[in-house]
Amino acid sequence: MTTALISHDDCLDHVTPPGHPEQVARLDAVLGALEPMDLLRVKAPLAAEDDLLRAHPKEHVDAIRAAAPSQGWRSLDADTHMSAGTLTAAYRAAGGVVRAVDMVLGGEATNAFAAVRPPGHHAERQTAMGFCFFGNVVIGAKHALDHHGLDRVAIVDFDVHHGNGTQDLVEDDPRILFCSTHQSPLFPGTGAAHEVGVDNVLNVPLPGGTGSKTFRDAYEQIVLPRVDAFSPELLIISAGFDAHADDPLAGMNLTTADFGWVTEKLCDIADKHCAGRVVSSLEGGYDLPALGASAAAHVNVLKERGR
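Residues numbered from 1 in each chain as written. Predicted model: local features only at pLDDT ≥ 70, side-chain atom pairs only at ≥ 80, totals over all residues. Heavy atoms only, no water.

J.: Which residues make up the overall build of the chain, and what values go with them?
T.: Scanning the chain from terminus to terminus reveals 9 helices and 10 strands. Here the C-alpha atoms of the chain give a radius of gyration of 17 Å, agreeing with the 19 Å that 2.2 N^0.38 yields for 307 residues. For the chain, the C-alpha atoms occupy an extent of roughly 50 × 40 × 40 Å along the three principal directions. For the chain, buried positions account for 59% of its 307 residues. Of the contacts formed within the chain by residues at least 6 apart in sequence, a portion of 76% connects residues at least 24 apart. (Helix = DSSP H or I, 4+ residues; strand = E, 2+ residues; numbered from the N terminus. Rg over C-alpha atoms; globule rule 2.2 N^0.38 Å. Buried < 20%, exposed > 50% of the residue type's maximum accessible area, 1.4 Å probe, protein only. Contact = heavy atoms within 4.5 Å.)

J.: Explain the packing of helix α1 (residues 24–34) against helix α9 (residues 288–305) to me, and be specific about the residues and the numbers.
T.: At a closest axis distance of 8 Å, the pairing of α1 and α9 adopts a crossing angle of 45°. Classified by the angle their axes make, α1 and α9 are oblique. By crossing handedness, the relation of α1 to α9 is classed as right-handed. Residues Ala25, Arg26, Ala29, Val30, Ala33 and Leu34 of α1 form the contact with α9, whose participating residues are Leu288, Leu291, Gly292, Ala295, Ala296 and Val299. (Axes fitted to C-alpha atoms, helices over the stretch in contact; angles between N-to-C directions. Parallel < 35°, antiparallel > 145°, perpendicular 65-115°, else oblique. Left-handed = near helix turned anticlockwise from the far one by under 90°.)

J.: Got a sec to walk through the sheet that holds strand β7 (residues 176–183)? Specific residues and values, please.
T.: Taken together, 8 strands build an open sheet; the order of strands is β2-β1-β5-β10-β9-β6-β7-β8 and the sheet is parallel. Unpaired on one side and paired on the other, β2 (40–43) and β8 (201–206) mark the two borders of the sheet. Neighbour-to-neighbour, the strand axes of the sheet open up by a mean angle of 15°, direction not taken into account. Where β7 lies against β8, 6 bridges are found, and the strand directions are parallel. Across the sheet, residue histidine 182 finds its bridge partner in β8, namely proline 205. Contacts between α1 and the sheet are confined to β1 (3–7), β2, β5 (111–114) and β10 (278–282), with β1 contributing the most and set at about 155° to the helix. (Pairing = 2+ DSSP bridges.)

J.: Let's hear about the packing of aromatic side chains: which residues, and what values?
T.: Applying the stated criterion across every chain, the model contains 6 aromatic pairs. Aromatic side chains phenylalanine 215 and tyrosine 219 sit 4.9 Å apart centroid to centroid with 50° between the ring planes, which places their arrangement in the tilted category. Highlighted residues: phenylalanine 215 and tyrosine 219, both in helix α7 (residues 212–230), separated by 4 residues, approximately one helical turn. Across this residue pair, the class does not change: phenylalanine 215 and tyrosine 219 are buried. Ring centres 5.1 Å apart and planes at 75° place the aromatic pair phenylalanine 241 and phenylalanine 259 in the edge-to-face group. Taken as a pair, phenylalanine 241 in the loop between β9 (234–239) and α8 (256–274) and phenylalanine 259 in helix α8 lie far apart in primary sequence, 18 residues in all. As far as burial versus exposure is concerned, phenylalanine 241 and phenylalanine 259 are alike and both buried. Among the aromatic side chains, those forming a connected cluster through ring pairs are Phe158, Phe241 and Phe259. (Phe/Tyr/Trp six-rings, centres within 6.5 Å; stacked < 30°, edge-to-face > 60°.)

Right, dumping it as structure tokens:
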């Protein structure tokens, strides 16, 4: 089998105000870096309403739809803005992760990377925030559980910012294990080690300045053993690359090689428990060269493991 790359040009139509870090050029950088790779390229569908409602109440979905402007921008908070193309892009982003889950669980691909935007891990049940509108990876995880009949899905988030939205959406669902490494203190101010949900949340806050050794030790000693013990039937990755040393929005000091390393380690867990079934979705990463190189390192590992 192979690795699927799921994206859509509509994700480029989510246009943020000038100077905003979550810009169209991010997706261009990722897709440009992945262009030379032999991947199964698939267009992200629009998310079905039923899939969105697995993670969010109807009031939230209706509010996002109602907020969509026909021109210009509408600001939901100081960081989170909608343009005329945002609503469709958000539906494509969530739908792309669902399609990735369907492909991997249906045997069309060994693993998949959803190169989509807007990102999703800050979107809470009824609150869009932190550049995010819908909880993309949670929508994919709940689709795997409810539609495909899985019992256990693990989500691992190595974005530099804590996935408060993902935690909010899963902390009462023991079928989902959520593990996050993130810089602390940093936006959004959540993700303390004592936040454990129904014993299904593992937060590993790391100080600013954290480099390769501390990051890798955190995975080897804390995260990987927890995921291994959970024995997931599917592993979903919130792939944010903003812990890179060059990223302007945070203060960790990871290298491009660290993202390849953590991907290898997560694929080892997936090989052991779920026939290598991994779905990854783009989250953060705001230095364009570092983002492109790190995404390429991540997907190259998926591609080599997907042969």
